[in-house]
Amino acid sequence: MDAPSNREQLNVWERAALENFSVKMSDKNRPFPCIPATIGFSKNQLRYGFIGDPRKTDTLHELAELLSGFTRESRNFGPYTSLIIFNQTPEDLRDAYTVEDYEQLFWNQLSGLSSLDVSDWPADIPMDPHNPIWEFCFYGEKYFMYCATPAHINRQSRHFDVLMLAITPRWVLQEFSKKGGVAKNFKANIRKRLANYDSAPIHPELNSYGGEDNFEWRQYFMRDDDTSLSKCPYHRMLSFLKLDK
């Protein structure tokens with residue numbers, strides 16, 4: 001959905017999530033670190049979706065439907081577009097889940113999404129996430145995934161009141177990189193903003209796509225400290241079976 005147009009149709013938690021996101025993206029005193037995201041927000045090029053409890057199978061189907069629809073239309077939304085997904089996050093989930101619990105839930109969603117994908121995996125992207133040029137693909141499109149959770153405290157750049165995904169097409173990032181010196185300045189400013197925004201140091205896994213020492217999956221979900229999983233859980237493809245019905 002387009003943010004300003006249908007707010008009156010949202011229920012209470014959906015409206016609160018969208019309003020909190022708007023505050024986060026438009027804060028001039030404490031600017032959000034990801035500059036392209038704030039530009040996309042200011043230009044109304046972001047698109048938004050609301051889905052149910054992330055532990056449920058029905059929610060996974062909702063996510064797949066939203067992402068496939070976004071994939072079909074994304075090039076019409078502008079060069080800074082992303083799909084922002086808000087998960088309904090019940091109180092028991094917010095109270096009990098740790099960062100690591102949300103991490104497992106996030107990888108459950110990605111593995112489950114692949115099980116619902118009706119398109120072939122792009123031929124130029126390896127299927128092994130431990131290859132430096134691997135990235136998540138769905139409906140034939142390459143995506144950078146970002147996850148924020150209520151449990152993140154030290155890394156406020158990864159904190160949100162509900163479980164949230166920001167899904168950005170690779171072509172958006174490629175267009176941004178073509179800006180040359182401007183893009184390099186943006187990257188330097190992003191790191192500067194991160195240092196001011198988070199109480200935790202910049203995560204050591206925050207690198208550039210395609211580098212031999214970079215693995216995209218490590219950046220999708222960043223813990224509240226500088227640790228990370230030793231192996232990507234995506235390839236196991238078991239999580240879809242673990243979700244509640």
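Here, the structure is the one placed above.
Residues numbered from 1 in each chain as written. Predicted model: local features only at pLDDT ≥ 70, side-chain atom pairs only at ≥ 80, totals over all residues. Heavy atoms only, no water.

## Things to note about the overall build of the protein chain
Rule in force here: By definition, any uninterrupted DSSP run of H or I lasting at least four residues is a helix, any uninterrupted run of E lasting at least two residues is a strand, and each is numbered from the N terminus. Per-residue accessibility, obtained with a 1.4 Å probe over protein chains only, is compared with the maximum for each type, and a residue is labelled buried under 20%, exposed over 50%, and partly exposed between these values. Contact definition: two residues touch when any of their heavy atoms are within 4.5 Å. Residue burial considers only the protein chains on display, and all accessible areas are found by Shrake-Rupley using a 1.4 Å probe.
The helix and strand tally for the protein chain stands at nine helices and five strands. In sequence order, the protein chain lays out its α and β elements as α-α-β-α-β-α-α-β-β-β-α-α-α-α. A buried classification covers 51% of the 245 residues belonging to the protein chain. Residue pairs in contact within the protein chain that sit at least 24 positions apart in sequence constitute 69% of those at least 6 positions apart. Approximately 11,800 Å² of the protein chain is accessible, and the part contributed by carbon and sulfur atoms is 50%.

## Regarding the pattern of salt bridges
Once the charged atoms of two side chains with opposite charge are near each other, the side chains can pair. Applied cut-off: We define a salt bridge as a side-chain nitrogen of Lys or Arg found within 4 Å of a carboxyl oxygen belonging to Asp or Glu.
Applying the stated criterion across every chain, the model contains six salt bridges. Here arginine 223 and glutamate 103 are joined by a salt bridge, their closest N and O atoms 2.9 Å apart. Within this pair, whereas arginine 223 is found in the loop between α8 (217-220) and α9 (239-242), its partner glutamate 103 is found in helix α5 (residues 99-116), the two being separated by 120 residues in sequence. By the burial criterion, arginine 223 is buried, and glutamate 103 matches it. Its salt-bridge partner being arginine 170, residue glutamate 216 comes within 2.8 Å of it at the nearest N-O pair. Highlighted residues: glutamate 216 in the loop between α7 (181-197) and α8 and arginine 170 in helix α6 (residues 170-177), separated in sequence by 46 residues. When sorted by exposure, glutamate 216 lands in the same class as arginine 170, which is buried. Three or more residues joined by partner-sharing salt bridges are found here, namely Asp53, Arg55 and Asp92.

## Some details on the nonpolar core
Here is a general trend for soluble globular proteins: nonpolar side chains tend to be buried in one another's company. Using the following cut-off: Definition used in this section: a nonpolar core is a set of buried Ala, Val, Leu, Ile, Met, Phe, Trp, Tyr and Cys residues joined via side-chain atoms within 4.5 Å.
Within the largest apolar cluster, 53 residues are counted, with the highest numbers of intra-cluster contacts made by Phe21, Phe86, Phe106, Phe136 and Tyr220. For this core, the element with the most residues is α5, which contributes seven residues. By size, the runner-up hydrophobic cluster in this structure holds seven residues, among which are Ile35, Tyr80, Ile190 and Leu194.

## A word on the packing of helix α1 (residues 12-26) against helix α2 (residues 35-42)
Put simply, the test is: Orientation is described by axes fitted as lines to C-alpha atoms, over the contacting stretch for helices, and by angles from 0 to 180 degrees between their N-to-C directions. In this scheme, roughly parallel covers angles under 35 degrees and roughly antiparallel covers those over 145, while 65 to 115 is roughly perpendicular and the rest are oblique. Left-handed describes a crossing whose near helix is turned anticlockwise from the far helix by less than a right angle; the clockwise case is right-handed. In this classification, Asp, Glu, Lys and Arg are treated as charged, Ala, Val, Leu, Ile, Met, Phe, Trp, Tyr, Cys and Pro as nonpolar, and every other residue, Gly included, as polar.
Taken N-terminus to C-terminus, the directions of α1 and α2 make an angle of 120°; their axes are 9 Å apart at the nearest point. Overall, the two elements α1 and α2 adopt an arrangement that is oblique. Relative to α2, the crossing made by α1 is left-handed. Where α1 abuts α2, its residues Phe21, Ser22, Met25 and Ser26 lie against Ala37, Thr38 and Phe41. Looking at the contact of α1 with α2 residue by residue, the classes come out as four nonpolar, three polar and no charged.

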